[in-house]
Amino acid sequence: MKLALKAIGHGFLGRPVFEHVDLALASGEVVALIGPSGCGKTTLLQIAAGLVEPLRGRVHRAYRRHAMVFQEPRLLPWMTARDNIGYGLRASGAERAMSADVAARRAAEVGLHARDLDKYPAELSGGMRQRAAVARALAVEPDVVFFDEPFTAVDVGLKRILQDLVIAAAARDSFSALFVTHDLAEAVRVAHRLVVLGGNAQGLVADRRIDGTPGARGNREVFDLVEAWSGEPAFRELFDGERESAA
Ligand SMILES: Nc1ncnc2c1ncn2[C@@H]1O[C@H](COP(=O)(O)OP(=O)(O)OP(=O)(O)O)[C@@H](O)[C@H]1O
Ligand SMILES: [Mg+2]
């Protein structure tokens, strides 16, 4: 077990967000966390990462390094792509040449061209920035990666490419990941297991193993699973909001 959340409860200003959440990440396991907006996904991820101290419960960590990828790339505007990608390494004491080396390798893995490495974030496209954010996370050779809706803001074609990059990296480097998304198809593509956090402080309302292996599931399989699950009560809440906002 790389990470275990035990009986976690949290709330803000006396308002409970969730209670009694138990969640564990096995070594090399990618767990997708979905749930309606405001149910506490980001809060739970921040608790798991140690950024927020939970009001109740305990977090057990059995790993050395983690990394995070957010919805926005959060690159430092005054640093080149190379220095942004190598930032975590430099911060943990790596030599400049070594971090530049790793940055170049990680950049290539996420499809950034060598000539892009000298550019500043403002000179990169949105998609390139998000690729750099993924490369920065992978550069520190994390044991656990926390993703908070990393591809929500990128267009559909690129989203798939970035999902595939994460799937390949997770398989190759065998890191564990907690992957927050509100997109059930994305969850079913990238993860081994899916947990659903309900709204109104219900806690986890579903915990499912996803058949097959990330990367080896075909479009049809993903589509059928999404169809089947989206009809179930535990998942319905996810789509209620969408229907309302579409109306
Ligand atoms: N720092 C804070 N202070 C007060 N309330 C907060 C704070 N952070 C989150 N909340 C509240 O806690 C609840 C859960 O927020 P959180 O951001 O974890 O939800 P989420 O599931 O990630 O939502 P989304 O899908 O929109 O990202 C919300 O009602 C939110 O308003
Ligand atoms: Mg959130």
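Here, every reference points to the structure presented above.
Residues numbered from 1 in each chain as written. Chains lettered and ligands numbered in written order. Predicted model: local features only at pLDDT ≥ 70, side-chain atom pairs only at ≥ 80, totals over all residues. Heavy atoms only, no water.

Caption draft 1: Spotlight on unusual backbone geometry. The phi angle at Leu 13 is positive, at roughly 50°, despite the residue not being glycine. Structurally, the position occupied by Leu 13 is in the loop between strand 1 (3-12) and strand 2 (15-25). With relative accessibility at 90%, the residue Leu 13 sits in the exposed group. The phi dihedral of Glu 149 falls on the positive side, at around 45°, and the residue is not glycine. (Helix = DSSP H or I, 4+ residues; strand = E, 2+ residues; numbered from the N terminus. Buried < 20%, exposed > 50% of the residue type's maximum accessible area, 1.4 Å probe, protein only.)

Caption draft 2: Up close: the pattern of salt bridges. Scanning all chains against the criterion turns up 15 salt bridges. Taking the shortest distance from any N to any O, the salt bridge between Arg 172 and Glu 109 comes out at 3.1 Å. Placement of Arg 172 in helix 6 (residues 156-173) and of Glu 109 in helix 4 (residues 96-109) is noted, with a sequence separation of 63 residues between them. On the basis of relative accessibility, which here comes to 46%, the residue Arg 172 falls in the partly exposed class. Put simply, Arg 106, Glu 109, Arg 172 and Asp 173 are held in one network by salt bridges that share partners. (Salt bridge = Lys/Arg side-chain N within 4 Å of Asp/Glu carboxyl O.)

Caption draft 3: Fine view of the site of ligand 1. In the region of ligand 1, the neighbouring residues are Phe 12, Val 17, Pro 36, Ser 37, Gly 38, Cys 39, Gly 40, Lys 41, Thr 42, Thr 43 and Glu 149. The contact in question runs from an oxygen atom of ligand 1 to an N or O atom on the backbone of Gly 40, over 3.0 Å. Within the complex, the protein chains bury 56% of what would otherwise be the 630 Å² of accessible surface of ligand 1. Broken down by element, the shell around ligand 1 gets its largest block of residues, three residues, from helix 1 (residues 41-48). (Near = heavy atom within 4 Å. Polar contact = N/O pair within 3.5 Å; in protein donor to acceptor, adjacent residues only side chain to side chain. Areas by Shrake-Rupley, 256 points an atom, 1.4 Å probe, with all protein chains shown as cover.)

Caption draft 4: Structural context of the pairing of strand 8 (residues 193-197). Within strand 8, five of the five residues are buried, which leaves it mostly tucked inside the rest of the structure. A two-sided burial pattern is seen for strand 8, the buried positions comprising Arg 193, Val 195 and Leu 197 on one face and Leu 194 and Val 196 on the other. Where strand 3 (residues 30-34) lies against strand 8, four bridges are found, and the strand directions are parallel. The residue of strand 8 that forms the bridge with Ala 32 is Leu 194. Across five bridges, the pairing between strand 8 and strand 9 (residues 204-209) is antiparallel. Paired with Leu 197 across the two strands is Leu 204, which belongs to strand 9. (Pairing = 2+ DSSP bridges.)

Caption draft 5: Local environment of the packing of aromatic side chains. Summed over the entire model, instances satisfying the criterion amount to three aromatic pairs. Plain terms: the ring middles of Trp 229 and Phe 235 are 5.6 Å apart, the flat faces sit at 10° to each other, and that makes the pair stacked. Positioned above the aromatic ring of Phe 70 is the side chain of Arg 74, whose terminal nitrogen or guanidinium carbon lies 3.7 Å from the ring centre. (Phe/Tyr/Trp six-rings, centres within 6.5 Å; stacked < 30°, edge-to-face > 60°. Lys NZ or Arg CZ within 6 Å of the ring centre and 35° of its normal.)

Caption draft 6: Inspection of the environment of Val 17 at higher detail. Relative to the helices and strands, Val 17 is located in strand 2. With a relative accessible area of 15%, Val 17 lands in the buried category. Between the C-alpha atoms of Val 17 and Ala 201, which are 184 residues apart in sequence, the distance is 5.0 Å. Among all residues touching Val 17, those that are not within four sequence positions of it are His 10, Gly 11, Phe 12, Cys 39, Gly 40 and Ala 201. (Contact = heavy atoms within 4.5 Å.)

Caption draft 7: Quick peek at the packing of helix 4 against helix 5 (residues 126-139). Where helix 4 contacts helix 5, the two axes come as close as 9 Å, and the packing angle between them is 130°. Here helix 5 runs oblique to helix 4, going by the angle between their axes. Remark: the crossing between helix 4 and helix 5 carries right-handed chirality. Along the contact surface, helix 4 presents Val 102, Arg 106 and Ala 107, while helix 5 presents Ala 135, Leu 138 and Ala 139. Looking at side-chain class alone, the contact of helix 4 with helix 5 contains five nonpolar, no polar and one charged residues. (Axes fitted to C-alpha atoms, helices over the stretch in contact; angles between N-to-C directions. Parallel < 35°, antiparallel > 145°, perpendicular 65-115°, else oblique. Left-handed = near helix turned anticlockwise from the far one by under 90°. Nonpolar A, V, L, I, M, F, W, Y, C, P; charged D, E, K, R; others polar.)

Worth remembering: the numbers are spatial, not functional.
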